[in-house]
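# An overview of the molecular structure
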Amino acid sequence: MSSASSSPGASPLASPTGARDALLREIKEKAVVHGKVTLSSGQEADFYIDLRRVTLDGRAAPLAGQVMLDLTSELDFDAVGGLTLGADPVASAMLHAAAARGRNLDAFVVRKAGKAHGLQRRIEGPDITGRRVLIVEDTSTTGNSPLTAVEAAREAGAEVVAVATIVDRGAAGAMAEAGLRYLHAYELTDLELA
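According to the stated counting rule, one finds zero aromatic pairs in the structure shown. Seen from the ring of phenylalanine 77, arginine 103 lies directly overhead, with NZ or CZ sitting 4.7 Å from the centre.

So, in C-alpha cells, the structure goes:
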C-alpha cells in the first residue's frame, strides 16, 4: 500500500498506511495466542488468532473498519456481511467507518442455518436481493465460512463481488477454486507467524 499524504497536524491514522500499521500492532498484541489449538476447520495449529479480541475492541474495531474499507476501495458494493460470528463485527466496523467517510454502506448477517420462527430468514438486515455485496470474515484457513456466506448471498439474489478477510491463514486456494476475487489485509508473515 502506498502512503497517503496528510496535512500538517493530521492524525497518522487518517492515512491508509497509518491505520494498517496500527491495526497490525493491535492484532499482534491482543489476538495472537500461542499454544496447541484445534481450528474450526478441524486442523491443529501451534497458535490461534482470536480476532474477536480486536474486532470487538473499542480502539481496534474502528481501525479494522478503516483497513477493510481501504483494502476494498476499488470494488463496487453497497452491502457487506458474512457468516455469523466472525464476520459480524467486521461488517459493523466497515459500516461505521464508511459512515464516517460520508458513504452509505449496509451490513448483513448470514445465519449458519435458517430460522424456524419469525420471518424464517437466513440473512438478517437490509434486503440484499439484486445488490452488489462483499463477503467478509475476520480470519480464514479453509475458506468454508466465507464460501457458505457466498452461497447464501447468491441464493438471496445478491451479486457477490469478492471475499475479503482481515487475516488469511490459507484460504486463497479455496477462493481461487471457487472463482472468487479474494483480498486480505494481512498474511501470517505480517504477524511473524510463518
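What follows covers the layout of surface pockets. Considering only enclosed or pocket space, the largest pocket measures out at about 470 Å³ in volume. Along its surface, the largest pocket is lined by 24 residues, and Ser40, Glu137, Asp138, Thr139 and Ser145 are the ones closest to its centre. Taken together, the elements giving at least two residues each to the lining of the largest pocket come down to strand S2 (44-49), strand S6 (132-140) and helix H5 (144-155). Ranked by residue count, the leading element in the lining of the largest pocket is S6, at four residues.

What follows concerns helix H1 (residues 16-30). Its 15 residues place the ends of H1 21 Å apart at the C-alpha level, agreeing with the 21 Å of an ideal helix rising 1.5 Å per residue. Those residues of H1 that sit buried are Gly18, Ala19, Ala22, Leu23, Leu24, Glu26 and Ile27.

What follows is about the packing of helix H3 (residues 60-71) against helix H4 (residues 87-100). Helix packing for two helices is described by the angle between their axes and how far apart those axes are. At their nearest, the axes of H3 and H4 sit 7 Å apart, and the two run at 75° to each other. The angle between the axes of H3 and H4 places the two elements in the roughly perpendicular class. Touching Ala61, Gly65, Gln66, Met68 and Leu69 of H3 are Val90, Ala93, Met94, Ala97 and Ala98, all from H4. Of the residues contributing to the contact of H3 with H4, the split by class is eight nonpolar, two polar and no charged.

Here we take up the packing of H1 against H3. Running from amino to carboxyl end, H1 crosses H3 at an angle of 130°, the nearest separation of the two axes being 9 Å. As summarised for this structure, H1 and H3 are arranged oblique, according to the angle between their axes. When the axes of H1 and H3 are compared, the crossing they make is left-handed. Contacts from Pro16, Ala19, Arg20, Ala22, Leu23 and Glu26 in H1 reach Ala60, Leu63, Ala64, Gln66, Val67 and Asp70 in H3. Counted by class, the contact of H1 with H3 contains eight nonpolar, one polar and three charged residues.

Right, let's get into the nonpolar core. A general tendency of soluble globular proteins is for nonpolar side chains to be buried together. Core analysis: the biggest nonpolar cluster contains 42 residues, and Ile27, Met94, Val136 and Ile166 have the highest contact counts within it. Of all elements in the fold, only H1, S2, H3, H4, S6, strand S7 (159-168) and strand S8 (182-187) reach the threshold of two or more residues within this core. Among the elements that take part in this core, H3 stands out by supplying seven residues, more than any other. Excluding residues within four positions of it along the chain, valine 136 makes contact with Met68, Val80, Gly81, Gly82, Ala87, Val90, Ala91, Met94 and Ala164. Formed by 19 residues, the second largest nonpolar core is a distinct cluster that contains Ala149, Ala152, Val163 and Ala171.

With that out of the way, let us pick up H4. Taking 1.5 Å of rise per residue, 14 residues should cover 20 Å, and H4 covers 20 Å from first to last C-alpha, within 8% of that figure. Restricting attention to buried positions, one finds in H4 the residues Ala87, Asp88, Pro89, Val90, Ala91, Ala93, Met94, Ala97 and Ala98. Packing partners of the buried residues in H4 comprise helix H2 (52-55), H3, strand S3 (79-83), strand S4 (106-110), S6 and S7. Note on H4: the residue one or two positions beyond its end, glycine 102, has a positive phi of about 80°.

Glancing now at the sheet that holds S8. On the basis of which strands lie adjacent, the open sheet formed by six strands has the order S5-S4-S3-S6-S7-S8 and mixed pairing. Each having just a single partner strand, strand S5 (123-124) and S8 make up the two edges of the open sheet. Here S7 runs beside S8; their pairing, made up of five bridges, is parallel. For threonine 165, the partnering residue across the bridge sits in S8 and is histidine 184. Sheet strands in contact with H3 are S6, S7 and S8, and its direction is about 130° off that of S7.

Cut-offs applied
Residues numbered from 1 in each chain as written. Predicted model: local features only at pLDDT ≥ 70, side-chain atom pairs only at ≥ 80, totals over all residues. Heavy atoms only, no water. Phe/Tyr/Trp six-rings, centres within 6.5 Å; stacked < 30°, edge-to-face > 60°. Lys NZ or Arg CZ within 6 Å of the ring centre and 35° of its normal. 1 Å grid on protein atoms, 1.4 Å probe; cavity = no way out; pocket = protein on both sides within 12 Å on 5 of 7 lines; lining within 4 Å. Points joined across faces, edges and corners; volume = space filled by probe spheres on them. Helix = DSSP H or I, 4+ residues; strand = E, 2+ residues; numbered from the N terminus. Expected span 1.5 Å × (residues − 1). Buried < 20%, exposed > 50% of the residue type's maximum accessible area, 1.4 Å probe, protein only. Axes fitted to C-alpha atoms, helices over the stretch in contact; angles between N-to-C directions. Parallel < 35°, antiparallel > 145°, perpendicular 65-115°, else oblique. Contact = heavy atoms within 4.5 Å. Nonpolar A, V, L, I, M, F, W, Y, C, P; charged D, E, K, R; others polar. Left-handed = near helix turned anticlockwise from the far one by under 90°. Core = buried A, V, L, I, M, F, W, Y, C linked by side-chain atoms within 4.5 Å. Pairing = 2+ DSSP bridges.

Geometric values such as these leave the question of function open.
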